[in-house]
Structure formats: structure tokens, C-alpha cells
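Summary of structural features
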Amino acid sequence: MTAISTAGRPTAEPSPDILIIGGGVIGTATAYYLARAGISVLLIERDHLAAGASGVAAGMLAPQVEAPFDDPFFNLTLLGRAEHPPLAAALFEEAGLDVEYRPTGILRIALDEADRAELQRRLRWQSARGLRAEWLEPDRLGEREPLLAGAAGRLLAGGLWLPDEGQVRGTRLVQALAVASVKRGARLRQGEWAVSFETRGDRVVGVHTPRGLLKAATFVLAAGIWSRDLAGSLPLNLPVGPVKGQVLMLRALHGAPRHIIWTGECYLVPKADGQVILGATEEDGNYDARPTLAGVGSLAEAALEHLPWAGSFTVEGMWAGLRPAAPDRYPIIGQAPGFANLIIATAHFRNGILLGPLTGRWIADYIQTGAWAPELAAFSPARFLEPARDGSV
Ligand SMILES: Cc1cc2nc3c(=O)[nH]c(=O)nc-3n(C[C@H](O)[C@H](O)[C@H](O)COP(=O)(O)OP(=O)(O)OC[C@H]3O[C@@H](n4cnc5c(N)ncnc54)[C@H](O)[C@@H]3O)c2cc1C
């Protein structure tokens, strides 16, 4: 099979087995694991790699801090966290890039008595599950985090210390996955975008781009919030929308936090180069990926109220990104109902960096074995989408 150019002339490049749409963390992780398995893959990215939410993410690998209870999603996120240390080592070896994986831990601060009671409840069930978590009274917060010593800690109602939470640099992760994929034979094209799908019966046969029709055996739709528009061309009503997030990039002149500090209203994430990310807003349904004064202002206010020492940090920049989210806020990963050779992988909401590598590995496994990891059953597209036509599943 050969790809066809806009002029109708066959191009020299052969069609790949797998065509991935979207160069964020989900698309590049999928490309990496497919290339590792020796499968031919082409990834197309409309803009540049990590142009979407993946380029803005704070990079936390934080299942425990956000989990109110134990459920299949919590289990998924724990598995996702475990992927990162070996992947970071492999990418350093293969791509020569440090994704800045660091097990910095998270100190989740309690702001008042209600917060304290809720965090202590989480401590109990997470400890009972065998996870590491420790309660720190206000006068002990400084032992863990010097910036919270003395009066700074006594303003707070204690904290939950989660030593196994970590972080990477989202943009670095995408870059390293892309470099390692290419070294293993994957093709990546930036500045090339999918306009619509071409179908025949229950199969997708190609993706229309401004340069022509790209054919493949199997397609992976990993275009973040924009996946909805492309699915619409099938037509499938994929319920993915944006939850805008804004962050401030700061730098601490007199010592950054040692750990990630999370108050429930904002977080401070100290990066390897001394930068500190203050995040993040949650603005449902907002498609405008530009920072606003109200957005960054609300972050500054939240930080200054409870972490006043952060007031001396200098401001290096402000960013915003659009988190892809489903109505139930869980990822959508699996075969598109009605289309045998189309895989949907989106809606990772607040956890795409955490779950990207696991998602990519499991998609590559599915393509090789025909079987999905059982842990994905609750996150299938089928929970939202009906088959497009009778008998075509
Ligand atoms: C402020 C903020 C903080 C966050 N912090 C964290 C965190 O600490 N930890 C964590 O795990 N997650 C975090 N997230 C969430 C995480 O960033 C997302 O879940 C993840 O990046 C989604 O990845 P994706 O690949 O699905 O989408 P994206 O990164 O948005 O990538 C989609 C890509 O598809 C491309 N595209 C779109 N349409 C087309 C087309 N037609 N053809 C070709 N290409 C196309 C886009 O240009 C884009 O590059 C954060 C998000 C934000 C906004």
C-alpha cells in the first residue's frame, strides 16, 4: 500500500501499520511502545510535539493525593505511577534525555479542621491498603519541609506526607518518547493534521489531511480535546471537552520547596532546574488556551493566603492548557464501537502524564495480542458510544 499525495501521485513512503493522530503524551507513548515491538508506525501532529495539554502539565505522578477512595481508577493510577521509574531509565539510555523523573513526594497540607479530618480518613484507607502515608502535626511540618517550619507551619492544620508520589517534566517526557520512537524506526510528522476519517463498512481506511489520504491498518485517535471533532467525521459523538488549566512558572531566590506542596486550592511543584510551578485553575468548557489575569491572579491569591513565603518567588511566565475530559472525568481508552480498527485514547483529564506511558504500553499490547488489559474495562469508549450502525461492532 502506498500513501497518495494531494496531487494524486503515490508518495515514496509506504503506509504504516499504525497511524497515530496527536503528538501529546498519549500519542508519543503509544508510538514508543509500538516501535519497541517492531511495529511500523506513523504519528502526525498538527502543530508541534507537546503543543497541547502535555506541554503545560505540572508533571506530577500523584495517584494518592487526589484519591478520595479506592476504586478501579485509583488502581489504574497506581499502575501508571509504577511505569515511570523504569521508563525514565530506558529513555535516558535510548534517547539520551533526562525526563526529570524524581520521587520528590507530596506534602498535602490541611487548611482547616474539615480538611484535616478528610486527609486523616484518606491516610487510614491508604495505609490499610499497604501504601506509604504519614500524618504530620503542624509543628512537625518543618521537619519534612523547611519552608513550613515554625509559624509558617502553625498556620496550617497538619499535613499528609506521601513519599511515593513523584514527578517528571511533561515536555521532556514527550520529547524523549518521540526521540526514542524515531530511533526505533517510527516516523513522526509535525505540522500535518488529520481533517477527517475515510471509512468503508466497519473499517477506517484512511485519514484525510491537507496533503492527501493517509492509509494504515489501524488508527489511534489521541488528539486530546480535538479528538471529538475527528470522531464526529465518522460519525461518533465522543464526549470529550476542555477543562482549562493555568499555571505560573516561578523561581525561588532563597531556596525552593524540597517536595511538592499541595493545599487543595493550589500546588507548588519544584522542578529539577529550580523552577517552581504554581498551579492550577480548573475552567470547565473553556476552549481559549491563553492565560488570563483572573486565572493567574486566583492562583497567586491561593498561594499567598496559605503559603505566604512564596510571595518572594519571582515570576518567569504563565501558561495555560486544555485538559481533555469526559463527563465522568475518567479516561476513554479502547476500540471505537462500530469501527474494528480504530482505537480511542483520550480524556486523561488531570492524569495524562501519569497515565500516558501505561496507556501507550497497553495499546501496543492490544495491537499485538488482540486483548485489552482487564483493568481498562471500566474505561472503554463503549460506556458512552453506541455502535455507529447495526451489527458493525
Ligand atoms: C495546567 C495543567 C496541569 C496538569 N498537570 C498534570 C500533572 O501534574 N500530572 C498529570 O498526569 N497530568 C497533568 N495534566 C493533564 C495532562 O496534561 C493531560 O491529561 C495530557 O497532557 C493529555 O495528553 P494528550 O496527549 O491526550 O493531549 P494533548 O497533550 O492535548 O495532545 C493532543 C495533541 O493532538 C494534536 N492534534 C489535535 N488535533 C489534531 C489533528 N487534527 N491532527 C493531528 N494532530 C492533532 C494537538 O496539537 C496536540 O499536540 C495537566 C494539565 C494541565 C492543563
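Residues numbered from 1 in each chain as written. Predicted model: local features only at pLDDT ≥ 70, side-chain atom pairs only at ≥ 80, totals over all residues. Heavy atoms only, no water.

1. Some thoughts on the environment of Pro16
Locating Pro16 in the fold gives a position in the loop between strand 2 (10–14) and strand 3 (18–21). Note on Pro16: relative accessible area 5%, which makes it buried. Separated by 23 residues in sequence, Pro16 and Ile39 have C-alpha atoms that sit 8.5 Å apart. With near-sequence residues (within four places) excluded, Pro16 lies in contact with Ser40, Val41, Leu42, Arg187, Lys215, Ala216 and Ala217. (Helix = DSSP H or I, 4+ residues; strand = E, 2+ residues; numbered from the N terminus. Buried < 20%, exposed > 50% of the residue type's maximum accessible area, 1.4 Å probe, protein only. Contact = heavy atoms within 4.5 Å.)

2. So, helix 7 (residues 170–183)
Given a rise of 1.5 Å per residue, 14 residues ought to cover 20 Å, and the 20 Å separating the end C-alpha atoms of helix 7 matches this to within 8%. All of the buried residues along helix 7 are Gly170, Leu173, Val174, Ala176, Leu177, Ala178, Ala180 and Ser181. Following helix 7 by one or two positions, Gly185 adopts a phi angle in the positive range, close to 105°. (Expected span 1.5 Å × (residues − 1).)

3. Concerning unusual backbone geometry
Looking along the chain, the bond that leaves Leu234 and enters Pro235 is cis, with omega of 0°. Within the element layout of this structure, Pro235 appears in the loop between helix 8 (227–232) and strand 15 (241–251). Here Gly279 and Ala280 are connected by a cis peptide whose omega angle stands at -20°. Tracing the backbone through its elements, the reader meets Ala280 in the loop between strand 18 (275–279) and strand 19 (283–284). With a phi close to 60°, Ala50 is a non-glycine residue in the positive phi region.

4. So, helix 10 (residues 352–369)
Along its 18 residues, helix 10 runs 24 Å from first to last C-alpha, staying within 8% of the 26 Å computed at 1.5 Å per residue. Most of helix 10 is tucked away, with 13 of its 18 residues classed as buried.

5. Some remarks on the sheet that holds strand 22 (residues 342–346)
On the basis of which strands lie adjacent, the open sheet formed by six strands has the order 10-4-3-14-22-21 and mixed pairing. A strand with exactly one partner marks an edge of an open sheet, and here the two such strands are strand 10 (187–190) and strand 21 (332–335). Going from strand to strand, the sheet's axes swing by 15° on average, the running direction of each strand aside. With four bridges joining them, strand 21 and strand 22 adopt antiparallel strand pairing. By the bridge assignment for strand 22, Gln335 is matched with Ile343. Packing against the sheet, helix 1 (residues 25–36) makes contact with strand 3, strand 4 (41–45), strand 14 (218–221) and strand 22, and its axis sits at approximately 165° to strand 4. (Pairing = 2+ DSSP bridges. Axes fitted to C-alpha atoms, helices over the stretch in contact; angles between N-to-C directions.)

6. Topic: the pairing of strand 11 (residues 196–200)
Sheet analysis places strand 11 next to strand 12 (residues 203–209), joined by five bridges and oriented antiparallel. Residue Arg200 lies in a different strand from strand 12, and its bridge partner there is Arg203. Hairpin remark: strand 11 followed by strand 12, antiparallel, with two residues in the connecting loop; positive phi at Gly201, about 60°.

7. Some remarks on the site of the ligand
Neighbouring the ligand are 40 residues, the closest being Glu45, Ser54, Met60, Phe349 and Leu354. Note that an oxygen atom of the ligand is positioned 2.6 Å from one of the side-chain N or O atoms of Glu45. Arg350 has a polar backbone atom sitting 2.8 Å from a nitrogen atom of the ligand. Contact with the protein chains covers 98% of the free accessible surface of the ligand, which is 1,000 Å². Elements with a minimum of two residues in the shell around the ligand: helix 1, strand 4, strand 15, strand 20 (314–325) and helix 10. Of the residues assigned to the shell around the ligand, the class counts are 23 nonpolar, 12 polar and five charged. Domain assignment of the residues forming the shell around the ligand places at least three in each of domain 1 (2–55 + 171–240 + 328–383) and domain 2 (104–166 + 241–323). (Near = heavy atom within 4 Å. Polar contact = N/O pair within 3.5 Å; in protein donor to acceptor, adjacent residues only side chain to side chain. Areas by Shrake-Rupley, 256 points an atom, 1.4 Å probe, with all protein chains shown as cover. Nonpolar A, V, L, I, M, F, W, Y, C, P; charged D, E, K, R; others polar. Domains from an automatic or database assignment.)

8. Topic: the domain arrangement of the protein chain
Per the domain assignment, the segments making up the protein chain are domain 1 (2–55 + 171–240 + 328–383) and domain 2 (104–166 + 241–323). Listed by partner, the interface residues are nine residues for domain 1 and 11 residues for domain 2. For the pair domain 1 and domain 2, the two sides together bury roughly 900 Å², of which 58% comes from carbon and sulfur. It is Ile225, Phe349 and Arg350 in domain 1 that bury the most area against domain 2; as a group they hold 58% of the surface buried on that side. Our enumeration of links across domain 1 and domain 2 arrives at two salt bridges. Measuring nitrogen to oxygen at the nearest pair gives 2.9 Å for the salt bridge that ties Asp284 to Arg329. (Buried area = accessible area lost by both parts, 1.4 Å probe. Salt bridge = Lys/Arg side-chain N within 4 Å of Asp/Glu carboxyl O.)

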